[in-house]
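The lines below spell out each chain.
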Amino acid sequence: MRKSYALEELDCANCAAKMEVAINKLPEVEKATVSFMTSRLSLVVPEGTDMEALLDKVQAEIHKVEPDCRVVRK
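(A) Spatial organisation of the side chain of E61. As for its position among the elements, E61 is in helix 2 (residues 51–65). For E61, a relative accessible area of 18% translates into the label buried. Apart from the residues within four sequence positions on either side, E61 is in contact with A22, I23 and L26.

(B) Local environment of helix 1 (residues 13–24). With 12 residues, helix 1 extends 17 Å from end C-alpha to end C-alpha; this agrees with the ideal 16 Å at 1.5 Å per step. Those residues of helix 1 that fall on the buried side of the exposure criterion are C15, A16, M19, A22 and I23. End-on view of helix 1: buried residues confined to an arc of 125 degrees, all on one side of the axis. Looking at the packing, one finds that the buried side of helix 1 touches strand 2 (31–35), strand 3 (40–44) and helix 2.

Rules of the game
Residues numbered from 1 in each chain as written. Predicted model: local features only at pLDDT ≥ 70, side-chain atom pairs only at ≥ 80, totals over all residues. Heavy atoms only, no water. Helix = DSSP H or I, 4+ residues; strand = E, 2+ residues; numbered from the N terminus. Buried < 20%, exposed > 50% of the residue type's maximum accessible area, 1.4 Å probe, protein only. Contact = heavy atoms within 4.5 Å. Expected span 1.5 Å × (residues − 1). Arc of directions from axis to C-beta.

Shown next, in the form of structure tokens:
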């Protein structure tokens, strides 16, 4: 299943790359892409994944790299 989310306060391309690496290490994530140019997070995860729980983990990884950056959960 593919999901895409906006990112707020993403300030640095290098930080986006670090976030992408960290998010890809999460066991629930098949593939993650963080685009600095579009401020978007794209995720590929298995069907049935608890997205709210996963987004909490993703936000924690993002916070480690760039504390002001947030995933927009719409």
